[in-house]
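# Working through the structure, step by step
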Amino acid sequence: LSTALNALQCIGISGPVTLNVAPGLSPTNGQFILNAITGASATNTITINGNGAVLEFLSVNTNERATLKLDGSSHWTFNNMTFKALGSLTGQFGYCVQLMNGANHNTFDNCIFEANTTSTSTNFAGLVGSNSATAATTAGLSASHLRVTNSSFIGGYYGIALNGPSSSPYSDSNIIENNIFEDYYFYGAYLRGL
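A brief structural summary. (Residues numbered from 1 in each chain as written. Predicted model: local features only at pLDDT ≥ 70, side-chain atom pairs only at ≥ 80, totals over all residues. Heavy atoms only, no water.)

## So, the pairing of strand 6 (residues 76-85)
Where we set the bar: Each residue's exposure class comes from its accessible area (1.4 Å probe, protein chains only) as a fraction of the maximum for that residue type: buried when under 20%, exposed when over 50%, partly exposed otherwise. Counting from the N terminus, the helices are DSSP H or I runs at least four residues long and the strands are E runs at least two residues long. In this scheme, strands are said to pair when DSSP sees at least two bridges between them.
Counting buried residues along strand 6, eight of its ten residues qualify, which places the element largely inside the surrounding structure. As judged from the nine bridges shared by strand 4 (residues 46-57) and strand 6, these two strands associate in the parallel manner. Of the residues in strand 6, the one forming a bridge with Glu56 is Lys84. Examined bridge by bridge, strand 6 and strand 8 (residues 107-109) share three bridges and lie parallel to one another. Following the sheet pairing, Phe78 is matched in strand 8 by Phe108. With three bridges joining them, strand 6 and strand 9 (residues 112-114) adopt parallel strand pairing. From the neighbouring strand, Thr82 faces strand 9, where its bridge partner is Ile112.

## A word on the nonpolar core
For the record, the criterion: To qualify as a nonpolar core, a set must consist of buried Ala, Val, Leu, Ile, Met, Phe, Trp, Tyr and Cys residues joined through side-chain atoms within 4.5 Å. Residues count as neighbours in contact if any of their non-hydrogen atoms are within 4.5 Å of one another.
Judged by nonpolar contacts, the single largest core of 34 residues is most densely connected at Trp76, Phe78, Phe83, Phe108 and Phe113. When contributions to this core are tallied by element, the ones reaching two or more residues are helix 1 (2-11), strand 3 (32-34), strand 4, strand 5 (66-71), strand 6, strand 7 (94-100) and strand 13 (158-163). Residue contributions to this core peak at five residues, all from strand 6. Other than its neighbours up to four places away in sequence, Trp76 contacts Leu5, Leu8, Leu34, Ile37, Ile46, Ile48, Leu70, His105, Asn106 and Thr107. Val128, Ala136, Tyr157 and Tyr158 belong to the second-largest nonpolar core, a separate cluster that totals nine residues.

Worth remembering: the numbers are spatial, not functional.
In C-alpha cells form, the structure reads like this:
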C-alpha cells in the first residue's frame with residue numbers, strides 16, 4: 001500500500017484509479033502525507049478499498065501529527081480502512097487523519113479512526129480538518145465536499161474536529177452521517193464554520 005500511495009504522489013494519474021488492498025494484510029506502519037495528485041479530478045478519482053487494512057503511526061513531530069494527511073489532496077475515497085494514531089504520551093502526537101489547505105471531495109466510508117483513549121490533551125484526535133499543522137481548531141478552508149459515513153471514532157480529545165473559515169468563502173457540502181463516537185475525552189464531534 002505504501003508503494004502505491006508513493007507512486008500516485010510522484011507520478012499522478014490520467015484516469016480513475018482503484019486500489020484493492022489484499023484482505024488480511026498486516027498493519028502498515030508509516031506516515032502518509034499526500035499533496036495534490038496531478039490529474040486527480042471529479043472524473044479521475046482515487047479509490048482505495050481497504051478490506052480492513054490498518055495504517056498506523058507514532059508521531060513525535062508537532063508539525064506532522066497525522067497518520068494520513070491530505071494537504072490540498074482531493075478526490076480520494078477510502079473504504080473499509082482503519083487509521084490509528086499511536087501517540088499517547090507527552091511529546092507524542094496523534095491525529096488519525098488530517099485534512100488541510102482545501103482537501104476537497106474526499107470520502108471516508110466504513111472506516112475506523114482510533115486515537116488515544118486516556119489522554120486529556122488536544123494533541124490527539126480521530127479526524128481533523130484545520131489549516132494549522134499544530135492545532136485542531138484553526139479556522140480556514142480545510143475541506144469542502146467531505147463525506148464521512150458509517151464510520152467509528154474511538155478516543156482522542158476530539159473524535160472529529162472540522163473547521164471552516166470565519167468569513168466567505170465558507171466550507172461547502174460537508175456530510176458527517178451515521179457514525180459512532182466513543183471514548184473521546186471532550187468532543188465527539190466539533191464542527192465549526194461549515
